[in-house]
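Spelled out from the first residue to the last, the chains are:
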Amino acid sequence: MPPLNNERHNQDTKKHQTLFRLNIVVRVIQSLLTVGVVLLILGGSLALGIGTGYFAYLVEDTTMPTRDELKRDLGNITQTSKLTYSDNSEIATIRSDLMRTAVGSEEISDLIKKAVITTEDEYFEEHKGFVPKAVIRALVSEATGIGSSGGSTLTQQLVKQQILSDETTFKRKANEIILSMQIEKYFSKDEIVTTYLNVSPFGRNNKGQNIAGVQEAARGIFGVDAKDVNIAQAAFIAGLPQSPIVYSPYTNTGDLKEDYSLGLKRKDFVLFSMYREKALSKKEYEEAKAYDLSKDFLKKEAVKADDQGFLYYAVLEEAQDAIAKKNAKKDGISDEDFAEEATYTAYKNRAKKELENGGYTVQSTIDKNIYATMQEAVHDYGYMLDDGSGSRIETGSVLMENKSGKVLGFIGSRDYNTDQNNHAFDTVRQAGSSIKPVLVYGPAIDQGLMGSETRVADYPMKYKDGGTELANATNKGSKTFQTVRESLEWSNNIPAYHIYQKLIEETGSDQFAYDNYLKKMNYPASHDWGVEAAPLGTTDVTTLDQTNGYQTLANGGVYQEGYLIESIKDNEGNVVYQHEAKPVEVFSPATASIMNDLMRSVIDAQITSPFKSVISGLDWNLANADWVGKTGSTDNYADSWLVLSTPKVTISNWSGHGEANIPMNDGSGDRSANYMAYVINKIHQKNGDVFGTNDRFNLSKEVKQVKVSDFTGALPATVDYQNYKLQSPGKEVTSLWAKDGVTDSTFKFGIGGTDANYSSYWKAYLDRIAAEQKKAEQAAKKAAADKAAAEKAKKDKEKTNSSEKKPADKKED
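Parameters at a glance
- Residues numbered from 1 in each chain as written.
- Predicted model: local features only at pLDDT ≥ 70, side-chain atom pairs only at ≥ 80, totals over all residues.
- Heavy atoms only, no water.
- Pairing = 2+ DSSP bridges.
- Helix = DSSP H or I, 4+ residues; strand = E, 2+ residues; numbered from the N terminus.
- Axes fitted to C-alpha atoms, helices over the stretch in contact; angles between N-to-C directions.
- Contact = heavy atoms within 4.5 Å.
- Parallel < 35°, antiparallel > 145°, perpendicular 65-115°, else oblique.
- Left-handed = near helix turned anticlockwise from the far one by under 90°.
- Nonpolar A, V, L, I, M, F, W, Y, C, P; charged D, E, K, R; others polar.
- Salt bridge = Lys/Arg side-chain N within 4 Å of Asp/Glu carboxyl O.
- Buried < 20%, exposed > 50% of the residue type's maximum accessible area, 1.4 Å probe, protein only.
- Expected span 1.5 Å × (residues − 1).
- Phe/Tyr/Trp six-rings, centres within 6.5 Å; stacked < 30°, edge-to-face > 60°.
- Lys NZ or Arg CZ within 6 Å of the ring centre and 35° of its normal.
- Patch = residues over 30% accessible without salt bridge, like charges linked within 9 Å, V, L, I, M, F, W, Y side chains within 5 Å.
- Areas by Shrake-Rupley, 256 points an atom, 1.4 Å probe, with all protein chains shown as cover.
- Lys, Arg positive; Asp, Glu negative; His and termini not counted.
- Charge placed at Lys NZ, Arg CZ, Asp CG, Glu CD.
- pLDDT = per-residue confidence, 0-100.
- Polar contact = N/O pair within 3.5 Å; in protein donor to acceptor, adjacent residues only side chain to side chain.

Undergrad: Any chance you could break down the sheet that holds strand E17 (residues 575–578) for me, citing the residues and the numbers?
TA: Reading across the sheet, the five strands line up as E2-E1-E6-E16-E17 and stay open at both edges, with mixed pairing between neighbours. For this open sheet the edge positions go to strand E2 (90–93) and E17, each flanked by a neighbour on one side alone. Looking at each pair of strands side by side, their axes are set apart by 15 degrees on average, direction ignored. Note that strand E6 (residues 361–364) and strand E16 (residues 565–569) share four bridges and pair antiparallel. Paired with Ser364 across the bridge in E16 is Ile565. Against the sheet, helix H14 (residues 309–330) touches strand E1 (82–84), E2, E6, E16 and E17, its axis set at about 65 degrees to E16.

Undergrad: Can you explain the packing of helix H18 (residues 436–446) against helix H23 (residues 589–605)? Please cite residues and give values.
TA: Two elements in contact, H18 and H23, have axes separated by 9 Å at closest approach and are oriented at 125 degrees. Between H18 and H23, the interaxial angle falls into the category oblique. As H18 runs across H23, the sense of the crossing is right-handed. Mapping the contact onto sequence places Pro437, Tyr441, Gly442, Ile445 and Asp446 in H18 and Thr591, Ile594, Met595, Leu598 and Met599 in H23. Here the contact of H18 with H23 is built from residues that sort into seven nonpolar, two polar and one charged.

Undergrad: If you had to explain the pattern of salt bridges to someone new, which residues and values would you point to?
TA: Summed over the entire model, instances satisfying the criterion amount to 36 salt bridges. The salt bridge involving Glu277 is made with Arg276; its shortest N-O contact spans 3.2 Å. Given a relative accessible area of 32%, Glu277 falls into the partly exposed group. Taking the relative accessible area as the measure of exposure, Arg276 reaches 40% and is therefore partly exposed. Glu354 is paired through a salt bridge with Arg350; the nearest N and O atoms lie 3.8 Å apart. Pair noted here: Glu354 and Arg350 are both in helix H16 (residues 341–357), with a separation of four residues, about one helical turn. Linked through salt bridges whose partners overlap, the residues forming this network are Glu453, Arg485, Asp597, Arg600 and Asp626.

Undergrad: Give me the lowdown on helix H20 (residues 493–507), citing residues and values where you can.
TA: Here H20 is 15 residues long and its end C-alpha atoms lie 21 Å apart, about the 21 Å a rise of 1.5 Å per residue gives. Of all 15 residues in H20, 11 are buried, a share of seventy percent or more. Within the span of H20, buried status applies to Asn493, Ile494, Pro495, Ala496, Tyr497, His498, Ile499, Tyr500, Gln501, Leu503 and Ile504. Downstream of H20 by a residue or two, Gly508 has a phi angle that is positive, lying close to 75 degrees.

Undergrad: With reference to specific residues and values, describe the sheet that holds strand E4 (residues 201–204).
TA: Ordered in space as E3-E5-E4, the three strands form an open sheet in which the pairing is mixed. The two strands at the open ends of the sheet, each matched to only one other strand, are strand E3 (98–100) and E4. Taking each pair of neighbouring strands and ignoring which way they run, the sheet shows an average axis angle of 30 degrees.

Undergrad: For the packing of aromatic side chains, give the residues involved together with the corresponding values.
TA: In the structure shown here, the tally under the stated rule is 35 aromatic pairs. Among the aromatic residues, those joined into a cluster by ring pairs are Tyr459, Phe481, Phe711, Tyr721, Phe747, Phe749, Tyr758, Tyr761, Trp762 and Tyr765. Directly above the aromatic system of Phe124 lies the positively charged group of Lys189, at a separation of 4.6 Å from the ring centroid.

Undergrad: So what's going on with a negative patch on the surface? Which residues, and what values?
TA: A surface patch of negative charge is lined by Asp335, Glu336, Asp337 and Glu340. Among the structural elements, Asp335 can be located in helix H15 (residues 335–339). Residue classification places Asp335 among the exposed positions, given a relative accessible area of 67%.

Undergrad: Go over the confidence of the model for the protein chain, please, and point to the residues and values.
TA: Summary statistics for the protein chain give a mean pLDDT of 87 and a share of 86% for residues scoring 70 or more. The low-confidence segment residues 1–16 (pLDDT under 50) makes two contacts with residues lying over four places distant or belonging to another chain. In this model, residues 32–48 is a region of pLDDT below 50 whose contacts with residues beyond four sequence positions or in other chains number 12 contacts.

Undergrad: Break down the environment of Val719 for me, citing the residues and quoting the values.
TA: In this fold, Val719 is placed in strand E23 (residues 718–721). Each C-alpha atom, one on Val719 and one on Phe749, is 9.9 Å from the other, the two residues being 30 residues apart in sequence. Setting aside its immediate chain neighbours within four residues, Val719 contacts Tyr724, Lys725, Leu726, Pro729, Ser745, Thr746, Phe747 and Trp762.

Undergrad: Give a description of unusual backbone geometry that names residues and reports values.
TA: Phi is positive for Asn661, which is not a glycine, with a value near 65 degrees. You can see Asn661 is positioned in the loop between strand E21 (649–656) and helix H26 (668–686). By relative accessible area, Asn661 is classed as exposed at 60%. Despite not being glycine, Gln722 has its phi angle at roughly 55 degrees, a positive value. For Gln722, the location among the structural elements is in the loop between E23 and strand E24 (724–727).

Undergrad: Go over the side chain of Thr547, please, and point to the residues and values.
TA: Along the chain, Thr547 turns up in helix H22 (residues 543–554). At 2.5 Å, the side chain of Thr547 and the side chain of Ser652 are in polar contact. Among residues more than four places away in sequence, those in contact with Thr547 are Val398, Met400, Thr650 and Ser652.

Here's what the structure looks like:
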């Protein structure tokens, strides 16, 4: 269309809108004239003139909606949103926590319709959207604060519920009137009352769920369809919309209220209104009023477990967070303000409504086949975690792509129907020794405090209080100085304690590891990170937290926050939200590669976990993947952890009782290893590429490979000890360092330990050297004696052979 014609078209449309508004204003004024006569008699002609002029002013900018627009808004025709897997195949449609089932007019009893009309809008069949005297009464009440401001028609209530807000301003009230008249123009009375009954809130049902729509009310309160209610039931239902929660007979748990008399009194009021308006005969009214409605209230019923289970709720929860953050950022809300509970809740609720009704497509990172296989695996092999006590041991796992942080799959529990706590993302438990790589060893190596062969004290000791012993899982100290590698392989607590104390001493802060490392990986803030027992894993974490920590090490020290939502698009395909990678370097590449080298030793040594042997028995090729990882357990084996990485993915597992701090029988480490091996093998059988069996962790070029003494873990040097000058004790080995920090060997060469510990270690060394020398001397003497004996034996043999030989006979002439 040429610009001129388009302009003329717009002008015609505007002219039509203006004439239409004027027509409505005239009709409103005509309706008000009757009341105006009374006002005139009372001397209120001036007020009437001002009022009608003011009304015209208030609605002059109002655009009249079309019939289709009104139908959409009034019918609450929301666009269904859906959740999908990474391949865009559907997980589920997003459901609202407000239970609503819309039904047609023929499926709603006339008793309910009459009950609502006679109670809420006695002039419903006569008015054209509003009742003038009621409007004036409401406006006077708003202006003076005297009297009641009620009196809205059903049509006005519908406008207020579905189109306008609840604010009480004159402009909103004027628009409410004009829109009500528009609705009356386009829709029949039956369509209006049917829509009202389908969209109005009706309190709660016997499951404690919020309900809307008359069908959900009939089913959720009396267990019948809306078309089959009796008179008393119809009256009770019709009375609910005025104050749904107050009049509802149920609490938010689905229990019957101790006192639900307010709802019954409201029911009696509705019955009287029906009788007054001749919708009921006297007999019907009296019988319905005398009817014992309480016997019809349904008993409490538990909400059935959702078919979608953990996947549906986990993806939906993160989608809500993504939309909430986007909206807050758009509104200029700072991260600090957004973190406040009230602000966060408000934006979360807003996001929830958007997702329920916005026609969005939420694409997750979840691989459909991997997720399904993990559910099959926990179903088939979960029993392997049970400890023989008769109690069911629960579990949670997360499988994450290292380079991106994508969650490819997870296990929430053994069975969603019996345990709906999501042990992958929500359950928090003490980390045990599984925290050591990210809290203790990684930071210490990254700060240049130690290398892979640095020696650490492992002698019996007590905490600083002097009374509490610190012990390893298997002993009270091996009474030696272990290498860093050995201490991690054995998962010993005493060396980890000394390393952590060294880190605190060198940095001057007991929160240094958290502030500079764990915080960057979104581990939870806690004062427990600074306590003496912190390196033993006393802080509560989720399985996702641990997965992300090990993902960081497996990804060259770069943290990629674990995530479930790839994108969110509206119904037209426009991107509403797109995940953006925000990599954070936590550890240097050198540190990360050293840690992976150390954790490879943990898996290969099989001191704390037989995982490598079990997986080898299941699939030799899968066992050849470059597995690195760490185990962990807490006091009395209440929790068991196994976190494993290959260069491509990280998979974690927590197991324990559903309730915290309940001990398991010994052997949880072996049970976890068996279970995880079978789970991993099952995933591998369905997707042979997921674990990257041909990929390898390599030492970073930044790693410093230093030749050190295997005895001290430090550079070879002459050491003064008592009256001895020891020349480069021990043999040379290669120690891996992330920074220049290795020093010459001295008497106190290691981390932790007392003077007595070092003296004992050196004395043991000298004793060993002396014993070796004595043994060497004895061996030399024995060798000399053996040699002399052999020589003597040889001479004796030669002499014997000579004497036994006879002289030759002489020949006679």
